[in-house]
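# Remarks on the overall topology
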Amino acid sequence: MRCPLCAFEFDEKNRGCTKKCGLRRSSCTLICCPQCGYSFVDESASTLVGLIKRPRKSKEQDRG
Amino acid sequence: MHETAIPEENRPTSHRRILLIGNPNVGKSVVFGALTGRYVTVSNYPGTTVEIAKGSLHLDGVSYELVDTPGVNNLVPLSEDEQVTRDILLSERPESVLLVVDAKNLRRGLFIALQLAEMRIPFVIVLNMMDEARHRGIQIDTRALEKTLGVPVLPTVATQRKGLGRIPEAIKKRALPAFRTHYSEPVEQAIQVLEPLLPPCPFEKRSLALMYLCEDPGISRWIEERSDPGTIAKLSQIREAFEHHIGDSPAYRINRERLHAVDTVVSRTMVKTDAPRSTVYSGIHKWSTHPVYGVPFLLAVLAALYLFVGKFGAGTCVDFLEDVVFGRYLNPWSASAVKAIVPWAFLQDLIIGPYGIITMALTYSVAIVLPIVGTFFVAFGVLEDSGYLPRLAVMMNRPFRLLGLNGKAVLPMILGLGCDTMATITARILESPKERIIVTLLLALGVPCSAQLGVILAMLGNLSFAATILWAGVVVGVMGIVGYLAARLLPGRSGDFILEIPPLRVPTMSNIFFKTIARVEWYLKEAVPLFILGTLILFFSDRFGILASLERLASPVVVGFLGLPAKASEAFLVGFLRRDYGAAGLYALASAGQLTPVQSLVSLVTITLFVPCIANVFVIVKERGWRIALAMVAFIFPFAFLVGGALNKILTLLGVTL
């Protein structure tokens with residue numbers, strides 16, 4: 001994934017969560033950039049995005 | 001390349017330690033795994049919650065302990081992770097350091113390399129992710145880099161184990177760095193005076209002097225534990241004189257000069273062969289970051305935002321959803337359906353009455369706030385993906401220094417325009433507790449979130465341009481005064497501003513679309529339950545006569561001081577839960593013609609200065625603690641009414657009609 005602020009690219013396991021974070025124990029769907037700390041919504045956790053992308057993916061697979 | 005003269009023989013095995021250092025997310029753990037194999041111990045660094053992994057590495061029959069340290073961006077620590085890495089370096093001189101650098105972000109890695117060179121610790125640069133760098137048209141002359149720094153530079157792709165085989169041989173060389181950063185005269189002079197006074201340390205005193213000048217509290221403590229009171233006083237005097245002489249934050253000055261040295265090395269060793277940026281891009285970059293010309297640029301961006309969100313989102317889209325979808329279809333349909341299905345008048349009222357879940361909570365959240373939030377998220381996504389936001393941070397660095405902050409604080413402020421709760425968490429990126437408290441306070445006090453901003457823009461859209469300027473002027477002025485006073489009253493110092501600026505780019509529509517969808521969903525999950533809760537409070541308060549009593553109680557403030565109709569109390573009441581909900585209530589009042597332009601402005605200023613929402617209060621409690629959260633809430637609410645009332649009195653006294 002890519003930070004929308006500083007364009008830093010990082011992977012899922014390095015999403016910048018820290019033990020001190022106030023949302024750590026809740027069902028947080030935010031991602032914090034490990035470089036600049038900017039927080040943004042995790043698209044992959046969105047049900048709506050999943051619903052829209054799923055038919056597109058299966059169409060592409062059918063074509064493939 | 002210079003090779004060390006430190007004798008290896010007769011050293012106890014426990015002292016043969018190699019440190020793995022690097023920025024976060026550069027592949028350190030992959031390199032660690034490849035060098036140590038399966039036998040790894042993970043434990044917390046003493047006195048901290050930071051985990052350290054240790055493993056064994058065998059070189060020519062000699063066993064070394066390889067320590068995987070937490071990711072760092074600076075060896076003058078800004079975070080607990082960085083402090084642990086610096087402490088490990090300080091507590092025992094390692095045999096060697098493996099510095100893992102992301103080849104795509106060479107500048108960031110070299111910033112650490114230059115600090116290691118200042119320490120004169122033998123190190124090897126593992127230039128990782130070379131494949132990704134090549135794909136991006138980045139070419140690094142590793143030989144030139146080796147020659148410049150005087151240490152081995154190994155190009156690798158750790159995930160494919162490419163280049164890792166050369167690491168043991170490079171470690172054995174124990175090459176001492178040859179590079180020396182030349183600082184400006186005042187810095188060099190301060191180093192020269194400090195060096196003889198400093199206690200013996202495991203690395204070069206020059207580096208220790210620089211860390212001390214940067215006001216690193218850990219280093220200051222370490223030095224004080226090893227020096228007599230007379231020397232401590234002298235050291236402190238030298239540092240104060242240096243700070244006074246340069247008239248700037250010492251850490252900021254030293255980091256800036258170090259970054260300049262990094263840039264020189266990068267320009268000699270790295271070539272980026274992507275398509276040349278057009279003059280339009282470079283022009284936009286220049287204008288948007290300029291402290292003076294950046295202002296009209298920002299105003300143009302805000303004007304576009306106002307037109308898109310305030311006029312299109314809050315006007316066209318809200319009108320359609322509120323009047324057509326809800327007004328003409330959903331509300332009448334649901335009213336007749338509920339009346340047909342639910343026989344009890346009480347329940348009917350709860351669902352479709354004046355304080356009903358459908359007629360109020362869902363109408364406000366979906367018909368009024370959602371289109372505004374949706375259009376704001378689209379505009380915000382465009383700003384994010386274009387690369388403008390970090391440029392805005394650069395432009396705002398100087399003005400923010402007046403508030404005891406730096407340009408980095410712009411990031412949570414900008415993010416606050418999306419969601420203040422999210423932004424309060426982002427305040428963690430700031431170095432000092434003082435900065436974090438100031439930013440949290442300003443966010444809670446005056447930065448409207450997307451939902452509230454949208455509703456405000458919608459109301460302002462129906463008023464004159466002077467009303468918009470007055471609203472913005474009062475809110476920004478109040479934040480400026482509160483920030484300025486907080487910066488002077490709160491103890492502590494401000495941090496430094498280092499931010500990588502990504503290239504400007506044209507946003508892709510699909511990216512903006514999915515981003516907006518994800519954010520809208522997130523918003524609905526966050527806001528709708530609180531909208532329903534607020535409606536239930538209003539419903540039951542109305543049923544049991546509490547609402548009328550509250551309106552009577554609040555009358556001296558709301559009617560007498562703010563000059564608003566008593567009905568506005570309801571908006572302020574739900575505004576305690578979410579201020580966008582309160583703003584939506586004011587919007588409904590204004591749409592019904594129950595607020596004059598002056599009343600609209602006064603009510604908007606008051607609700608803007610409310611604490612954003614209950615969720616925000618909880619996050620402040622979690623991030624800053626109970627005492628600070630309570631103090632903020634106790635200050636903000638009365639202060640909001642005070643500013644609103646003062647504005648009402650001034651406008652009335654001057655006979656302003658707007």
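Residues numbered from 1 in each chain as written. Chains lettered and ligands numbered in written order. Predicted model: local features only at pLDDT ≥ 70, side-chain atom pairs only at ≥ 80, totals over all residues. Heavy atoms only, no water.

Attention shifts here to the packing of aromatic side chains. In this description, an aromatic ring pair is defined by two values, namely the gap between the centres and the angle between the planes. Residues and elements named next belong to chain B. Tallied over the entire structure, the rule returns 19 aromatic pairs over all chains. When the ring of F297 is compared with that of Y388, the centres are 5.5 Å apart and the planes differ by 35 degrees; the resulting orientation is tilted. In this pair, F297 is assigned in helix α13 (residues 294–341) and Y388 in helix α16 (residues 388–395), connecting sequence segments 91 residues apart. Ring geometry for F610 versus F641: centroids 5.5 Å apart, planes at 70 degrees, classification edge-to-face. (Phe/Tyr/Trp six-rings, centres within 6.5 Å; stacked < 30°, edge-to-face > 60°. Helix = DSSP H or I, 4+ residues; strand = E, 2+ residues; numbered from the N terminus.)

What follows deals with a nonpolar patch on the surface. Residues and elements named next belong to chain B. Together, W344, F346, L347, F540, F544, I546, L550 and L553 make up an exposed nonpolar region whose accessible area comes to about 820 Å². When contributions to the nonpolar patch are tallied by element, the ones reaching two or more residues are α14 (345–352) and α24 (546–561). If you tally residues by element for the nonpolar patch, the top one is α24, at three residues. With respect to the element layout, W344 can be found in the loop between α13 and α14. We classify W344 as exposed; its relative accessible area is 56%. (Patch = residues over 30% accessible without salt bridge, like charges linked within 9 Å, V, L, I, M, F, W, Y side chains within 5 Å. Areas by Shrake-Rupley, 256 points an atom, 1.4 Å probe, with all protein chains shown as cover. Salt bridge = Lys/Arg side-chain N within 4 Å of Asp/Glu carboxyl O. Buried < 20%, exposed > 50% of the residue type's maximum accessible area, 1.4 Å probe, protein only.)

The next point concerns the packing of helix α21 (residues 450–461) of chain B against helix α27 (residues 597–608) of chain B. Residues and elements named next belong to chain B. Here α21 crosses α27 at 170 degrees, and the two axes come no closer than 11 Å. Taken together, the axes of α21 and α27 are roughly antiparallel relative to one another. On α27, the residues that touch Q452, I456, M459 and L460 of α21 are S600, S603, L604, I607 and T608. Grouping the amino acids of the contact of α21 with α27 by side-chain chemistry returns five nonpolar, four polar and no charged. (Axes fitted to C-alpha atoms, helices over the stretch in contact; angles between N-to-C directions. Parallel < 35°, antiparallel > 145°, perpendicular 65-115°, else oblique. Contact = heavy atoms within 4.5 Å. Nonpolar A, V, L, I, M, F, W, Y, C, P; charged D, E, K, R; others polar.)

Let us now look at the environment of B:V325. Residues and elements named next belong to chain B. Of note, V325 is situated in helix α13. Distance in space between the C-alpha atoms of V325 and T363 is 9.9 Å, their sequence separation being 38 residues. When near neighbours in sequence (up to four residues on either side) are disregarded, V325 contacts F320 and L330.

Here we take up unusual backbone geometry. All names here are of chain B. You will see that R120, though not glycine, has its phi angle at about 55 degrees, which is positive. In this fold, R120 is placed in the loop between α3 (106–119) and β7 (123–128). Look at R174: it is not a glycine, yet its phi comes out positive at around 45 degrees. Mapped onto the elements, R174 comes out in the loop between α6 (167–173) and β10 (175–176). What makes R174 buried here is its relative accessible area of 4%.

Further remarks concern α3(B). When the terminal C-alpha atoms of α3(B) are compared, their 20 Å separation across 14 residues agrees well with the 20 Å that a helix rising 1.5 Å per residue should span. The positive-phi residue at the C-terminal boundary of α3(B) is B:R120, with phi of around 55 degrees. (Expected span 1.5 Å × (residues − 1).)

Quick look at the pattern of salt bridges now. Residues and elements named next belong to chain B. In total, this model carries 21 salt bridges over all chains according to the counting rule given. Put simply, R519 and E384 hold a salt bridge, and the shortest N to O gap is 2.7 Å. With R519 in helix α23 (residues 509–543) and E384 in helix α15 (residues 357–386), this residue pair connects regions lying 135 residues apart in the sequence. The partner of R579 in a salt bridge is D420, and the shortest N-O contact between them spans 3.0 Å. Here R579, found in helix α26 (residues 579–591), pairs with D420, found in helix α19 (residues 420–426); they are 159 residues apart in sequence, far enough to count as distant.

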